[in-house]
Amino acid sequence: RSWGGPTSNHFGLSSFFFAHAHTRMTMLSEKSALITGASRGVGAATARQLAQAGCRVAINYHQSAEHAETVANLCREAGVEAILVPGDVAKDTACRRIVAQTLETFGALDILVNNAGTTRFIDFPDLEAVQDEDWDRILAVNLKGPFQMARAAREALAADGGGVIVNTASIA
C-alpha cells in the first residue's frame, strides 16, 4: 500500500465521505479550502475528498510541484476549481502570500487544513546527530506553521459567519 503518492487514500476517508454524501455535498458545495502540505499523503487525500464534495481547493506544497499538479488535476476532474499555492509554512511572509493568493483566486476562504509537517529521523543511539538546525526546522514547520497560517487566514475565515480550521499531526 502506498503512503506517499497523490492518488492514495488513507484511513478510510472514502467510507466516511461517501456514507454522508448528501450532507457533505450540501455543506461543502461552493466552499473554498486551503490545504497545506497537500501534494502527498493525507493532505492529497484531503484535497481530493473536499473536491469530491464540491469544494474549491487551494493545494499548498513546498517541494513537490509535480505531485501537487497531479493532485490538482485529480481535483479538477471532480469538477471543481483547484489551484497551486507554493510556499514554506515555516515562513510568515509565505503564509500570508499563500492565503492572499487563495483569496485572490477564490474570493473567500471557508476551510483551512494545516497539514504540512516535517521531521528528521534519528537513531536513538545517535542522539548527538540532532543539530539545533533540525529542531529549528521541525518546530518552524510543525508548530509555528499552523499558527502563522491561522493568523494569516483569520480575517478571511471569520467573514460570512466563520470558517473552520483543521490541524493534523503525524509521526510519519
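Residues numbered from 1 in each chain as written. Predicted model: local features only at pLDDT ≥ 70, side-chain atom pairs only at ≥ 80, totals over all residues. Heavy atoms only, no water.

Digging into the pattern of salt bridges
One pass over the full model with this rule turns up six salt bridges. With its nearest N and O atoms 2.8 Å apart, the salt bridge here joins R137 to D88. Placement of the pair is R137 in helix α6 (residues 132–158) and D88 in the loop between β3 (82–86) and α5 (92–106), with a sequence separation of 49 residues. The class of D88 is buried, set by a relative accessible area of 8%. Note that R96 and D92 form a salt bridge whose closest N and O atoms lie 2.8 Å from each other. Separated by four residues within a single helix, R96 and D92 lie in helix α5, roughly one turn from each other. Classification of R96 as partly exposed rests on a relative accessible area of 41%. (Salt bridge = Lys/Arg side-chain N within 4 Å of Asp/Glu carboxyl O. Helix = DSSP H or I, 4+ residues; strand = E, 2+ residues; numbered from the N terminus. Buried < 20%, exposed > 50% of the residue type's maximum accessible area, 1.4 Å probe, protein only.)

Structural notes on the layout of surface pockets
The calculated volume of the second largest pocket comes to roughly 260 Å³. As for the second largest pocket, its lining consists of 15 residues, of which L28, L50, I111, V164 and V166 are closest to the centre. For the lining of the second largest pocket, the elements supplying multiple residues, two or more each, are α2 (21–28), α3 (41–52), β4 (111–114) and β5 (164–167). Classifying every residue of the lining of the second largest pocket gives eight nonpolar, four polar and three charged. (1 Å grid on protein atoms, 1.4 Å probe; cavity = no way out; pocket = protein on both sides within 12 Å on 5 of 7 lines; lining within 4 Å. Points joined across faces, edges and corners; volume = space filled by probe spheres on them. Nonpolar A, V, L, I, M, F, W, Y, C, P; charged D, E, K, R; others polar.)

Focus on α6
Residues lying three or four places apart along an α-helix face the same way, a consequence of the helix completing one turn every 3.6 residues. For α6, which comprises 27 residues, the first-to-last C-alpha distance of 37 Å matches the rise-based estimate of 39 Å (1.5 Å per residue) to within 8%. Taking the largest bend as the criterion, α6 deviates by roughly 45°, centred on K144, and proline P146 comes between one and four positions later. Taken from the residues just after α6, D160 is the one with a positive phi, measuring 55°. (Expected span 1.5 Å × (residues − 1). Bend = angle between axes of the 7 residues up to and from the residue.)

Focus on the packing of α5 against α6
Contact geometry for α5 and α6: axes closest at 9 Å, N-to-C directions at 40°. Classified by chirality, the crossing of α6 by α5 is right-handed. Facing α5, whose interface residues are D92, C95, R96, I98, V99 and L103, α6 presents G145, Q148, M149, R151, A152, A153 and A156. Across the contact of α5 with α6, the residue classes tally to eight nonpolar, two polar and three charged. (Axes fitted to C-alpha atoms, helices over the stretch in contact; angles between N-to-C directions. Left-handed = near helix turned anticlockwise from the far one by under 90°. Contact = heavy atoms within 4.5 Å.)

Describing the pairing of strand β1 (residues 32–35)
Along β1, one buried face is formed by S32 and L34 and the opposite face, lined by A33 and I35, is buried too. Sheet topology note: the β1/strand β2 (residues 56–61) ladder contains four bridges and is parallel. Across the sheet, residue L34 finds its bridge partner in β2, namely A58. In this structure, β1 lies alongside β4, joined through three bridges in parallel fashion. (Pairing = 2+ DSSP bridges.)

Brief notes about the confidence of the model for the protein
Taken as a whole, the protein shows an average pLDDT of 88; of its residues, 84% reach a score of 70 or greater. Predicted confidence for residues 1–12 stays below pLDDT 50, and this span has 30 contacts to residues more than four positions away or in other chains. (pLDDT = per-residue confidence, 0-100.)

Focus on the nonpolar core
Among the nonpolar cores identified, the biggest contains 22 residues, and I35, L50, V57, I59, C75 and I111 are the most heavily contacted of them. Elements with a minimum of two residues in this core: β1, α3, β2, α4 (65–77), β3 and β4. Of all hydrophobic cores here, the second largest spans 20 residues; its members include I98, F106, A116 and A140. (Core = buried A, V, L, I, M, F, W, Y, C linked by side-chain atoms within 4.5 Å.)

Things to note about the sheet that holds β1
Reading across the sheet, the five strands line up as β3-β2-β1-β4-β5 and stay open at both edges, with parallel pairing between neighbours. Strand pairing shows two members of the sheet lacking a second neighbour, β3 and β5, which therefore form its edges. Pairwise comparison of adjacent strand axes, ignoring direction, gives a mean angle of 15° for this sheet. Alignment of β2 against β3, held across five bridges, turns out to be parallel. By the bridge assignment for β3, N60 is matched with V85. Across the face of the sheet, α6 comes into contact with β1, β4 and β5 while running at roughly 180° to β4.

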